[in-house]
Amino acid sequence: MNSNKKSVYQKGKIMKLLENKVALITGAGGGIGEGVARYFVSQGAAVVIAELNEDQGEAVASDLRAKGGQAVYCRTDVSDKASIADSIQAAVSHFGGIDILVNNAFAPTPNVKLEEKTDEMLHQTLNTTVWAAWWAMKEAFPHMCQRGGGSIINFYSIDTEIGAWLHGDYNTAKSAVLGLTRSAAAEWGRFNIRANAIAPTAMGATFHKLASENPGFKERSAAMRPLGRCGEPEADIGPVVAFLASDMSRFVTGESIHVDGGLHLPGYNSRPSDVPVREY
């Protein structure tokens, strides 16, 4: 990362929050990842859109460039170590290095009860969360060291904290992501690399799918939160990730932050209505 002593003023003007920073965001072709990418660009960052879906990824990158931002698309399969390495190299090749890594993407598995989850489901989830973050962090590490430091933001989940039904593999994996984040914070601080986690909820692709299939879902979801509304990926999640990526949080590492409108306070009941209280 560029010097922590750099002023927010440069040549008489106020710098944007992520001016001269290079960020790679996985899963930035839609949903929360796209929202974060758009906010990053608005704050002066050059962004690599690391996305599996080529049409979506290229569309986001092209739109950001058309609006005057610096963005490039790199097809990235986060379940594949070599693909992740290629995306990190794309940041280096196009923009000269990497300062910020946002591990957002994952591949969901079917929503079934824990006893119905298979080894293959867990394998897929671990590959696209824990292993994906591990590979990306290890690959970005030497490049961040060359730039004097960096910021890693991993995505955690409230689901893990409440033991959300039908997400047994996801809950397991996200717990490991939090452990990895704290380990990196503890060990890589000596290189001026910070690692933090956020647990966001916002109106991404999954939310819109559920809202279209379940009338009143959006309203019920908003009512569960103390702030009384659902989150916007760019306007609500983006600024928090940008804060953790910027020098404003240069003394913050090893933290996990809920960005959910207060949903973590009451939590929520995820038990399916068709599952009996006792089955023995």
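Going by the structure above, here's the rest.
Note that the coordinates shown come from a computational prediction; the quantities given were computed from them, not determined experimentally.

## Structural notes on the overall build of the protein chain
Thought 1: The number of helices and strands found in the protein chain is 9 helices and 9 strands.
Thought 2: Here the C-alpha atoms of the protein chain give a radius of gyration of 19 Å, agreeing with the 19 Å that 2.2 N^0.38 yields for 280 residues.
Thought 3: With the C-alpha coordinates of the protein chain rotated into their principal frame, the extents come out at 70 × 35 × 35 Å.
Thought 4: Burial statistics for the protein chain: of 280 residues in total, 48% are counted as buried.
Thought 5: Contacts spanning at least 24 positions in sequence make up 70% of the contacts within the protein chain whose residues lie at least 6 apart.
Thought 6: Total accessible area on the protein chain is roughly 13700 Å²; 53% of this is exposed by carbon and sulfur atoms.

## Looking at the pairing of strand E7 (residues 150-155)
Thought 1: A large share of E7 lies buried, amounting to 6 of its 6 residues.
Thought 2: Burial along E7 is two-sided: Gly150, Ile152 and Asn154 and Ser151, Ile153 and Phe155, pointing in opposite directions, are all buried.
Thought 3: Here 4 bridges tie strand E6 (residues 100-103) to E7, and the two strands are oriented parallel to one another. Across the sheet, the residue bridging to Ile100 is Ser151, located in E7.
Thought 4: After leaving E6, the chain enters helix H4 (residues 119-146) and then returns to the sheet as E7, a path that is right-handed.
Thought 5: Two strands pair when backbone bridges link them, and E7 and strand E8 (residues 193-200) are joined in this way by 6 bridges, in the parallel orientation. Opposite Ile152, over in E8, you have Ala195 as the bridge partner.

## Some details on unusual backbone geometry
Thought 1: Backbone geometry at Leu166 places phi at a positive 70 degrees, although glycine is not the residue there.
Thought 2: Secondary-structure assignment places Leu166 in the loop between helix H5 (158-162) and helix H6 (168-188).
Thought 3: Residue Leu166 is classed as partly exposed on the basis of its relative accessible area, which comes to 22%.
Thought 4: At Asn192, a position not held by glycine, the phi torsion is positive, near 65 degrees.
Thought 5: Within the secondary structure layout, Asn192 lies in the loop between H6 and E8.

## Some words on the packing of H4 against H6
What describes two packed helices is the angle between their axes and the distance between those same axes.
Thought 1: Two elements in contact, H4 and H6, have axes separated by 8 Å at closest approach and are oriented at 15 degrees. Judged by the inter-axis angle, H4 sits roughly parallel to H6. For the crossing formed where H4 meets H6, the hand is right-handed. On the side of H4, the interface is formed by Met121, Leu122, Thr125, Leu126, Thr129, Val130, Ala133, Trp134, Met137, Lys138 and Phe141, while H6 contributes Asp169, Tyr170, Ala173, Lys174, Ala176, Val177, Leu180, Ala184 and Trp188.

About the criteria used
Residues numbered from 1 in each chain as written. Predicted model: local features only at pLDDT ≥ 70, side-chain atom pairs only at ≥ 80, totals over all residues. Heavy atoms only, no water. Helix = DSSP H or I, 4+ residues; strand = E, 2+ residues; numbered from the N terminus. Rg over C-alpha atoms; globule rule 2.2 N^0.38 Å. Buried < 20%, exposed > 50% of the residue type's maximum accessible area, 1.4 Å probe, protein only. Contact = heavy atoms within 4.5 Å. Areas by Shrake-Rupley, 256 points an atom, 1.4 Å probe, with all protein chains shown as cover. Pairing = 2+ DSSP bridges. Right-handed = clockwise from strand over helix to strand, strands pointing away. Axes fitted to C-alpha atoms, helices over the stretch in contact; angles between N-to-C directions. Parallel < 35°, antiparallel > 145°, perpendicular 65-115°, else oblique. Left-handed = near helix turned anticlockwise from the far one by under 90°.

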